[in-house]
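Descriptive structure summary
Below, each chain spelled out in residue letters.
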Amino acid sequence: MNSEVDVSRFRVRHGPEIERVLHAVQASKSLVTLERGDGKEFLVTTLVGIDGRRREFSLAASADAGLNARLLASERLQLTTMEDQVRVQFNAQGGREERVAGETLFVFPVPADILYFQRREYYRLPTSLVNPVLCHIPVGNESVEAVFLDISLGGGMLSLKSGPGLTDGTLYTDCRLSLILPGSEPLPVSLIALKTFTVPLQNGQFSHRACCQFYKLPRGIEDAIQRFILQVERERRQREQLV
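Since the structure is predicted, the reported quantities are computational estimates derived from the model, not experimental observations.

**Things to note about helix α3 (residues 65–73)**
Taken residue by residue, α3 has L67, N68 and L71 as its buried positions. Taken down its axis, α3 places every buried residue within 100° of arc, on the same side. When the buried face of α3 is taken as reference, the exposed residues oriented beyond 90 degrees from it are A65 and A73. Residues of α3 that are buried make contact with β2 (31–36), β3 (42–51), β5 (77–83), β7 (96–100) and β8 (103–109). Taking the backbone nitrogen of G66 as reference, a side-chain oxygen 2.9 Å away marks D64 as the first, capping residue of α3.

**Brief notes about the pattern of salt bridges**
For the structure on display, the rule yields 12 salt bridges. In this structure, E98 and R96 form a salt bridge, with 2.8 Å as the shortest nitrogen-oxygen distance. Looking at E98, the relative accessible area reads 26%, which means it is partly exposed.

**Regarding the nonpolar core**
Counting 31 residues, the largest nonpolar core has I137, L177 and I225 as the members making the most contacts within it. Of all elements in the fold, only β11 (133–139), β12 (142–151), β13 (155–160), β14 (171–178), β15 (187–200), β16 (206–214) and α4 (219–242) reach the threshold of two or more residues within this core. Here the element with the most residues in this core is α4; it accounts for six residues. Non-local contacts of L177, meaning those with residues more than four positions away in its chain, are made with V133, L134, C135, F148, E185, P186, L187, V189, F214 and I225.

Quick notes on the rules
- Residues numbered from 1 in each chain as written.
- Predicted model: local features only at pLDDT ≥ 70, side-chain atom pairs only at ≥ 80, totals over all residues.
- Heavy atoms only, no water.
- Buried < 20%, exposed > 50% of the residue type's maximum accessible area, 1.4 Å probe, protein only.
- Helix = DSSP H or I, 4+ residues; strand = E, 2+ residues; numbered from the N terminus.
- Arc of directions from axis to C-beta.
- Contact = heavy atoms within 4.5 Å.
- Polar contact = N/O pair within 3.5 Å; in protein donor to acceptor, adjacent residues only side chain to side chain.
- Salt bridge = Lys/Arg side-chain N within 4 Å of Asp/Glu carboxyl O.
- Core = buried A, V, L, I, M, F, W, Y, C linked by side-chain atoms within 4.5 Å.

Here it is in structure tokens:
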């Protein structure tokens, strides 16, 4: 999102539609990234309640009271999540902290508008296992090799080949993304592991998976990922025409 012109067509201002999206996010238990406007701190959390009468929504706060205070003291907070594979983003303002049934919550007014990126760029493209999209992720003293099973400008699903697993809500920097593009070098990216899980395989073993979000993609790298998506789609259409 580089300017108002870029994102205006994705802006939703209809109150009932905004509440529908928030209810869907809560029902699907989608993870939510709450980030300070300066990008220096963030919290990966969940949406736990919506009060339609008061037009407020609640997020689970951090166990770190200091982080909670700094987030609420920030001049601007940005909330990012996914609803049915569509990226949702808006500014969260006027928040407060509450204790409900022994749990600490952030309570914010329902926003007057949201950005709902229901567009081609955020469609998760299934990738090829013949020419896999690899990503090397530093975890401790090791480099974990992972394969993107699908990819979009927002992130994708990773299958980890070996080494230590990823941890939910953790930011991994200095990752190296390898796209199958002419003259392409590995791209430096940062990832947030939103959700990790295991999938049983037919041979009795397990595959470790991680749903990840790209964090602060530079424009040049975003463009390279978009070119890759368009190239794969174009090649797929050409194969279909030959059948």
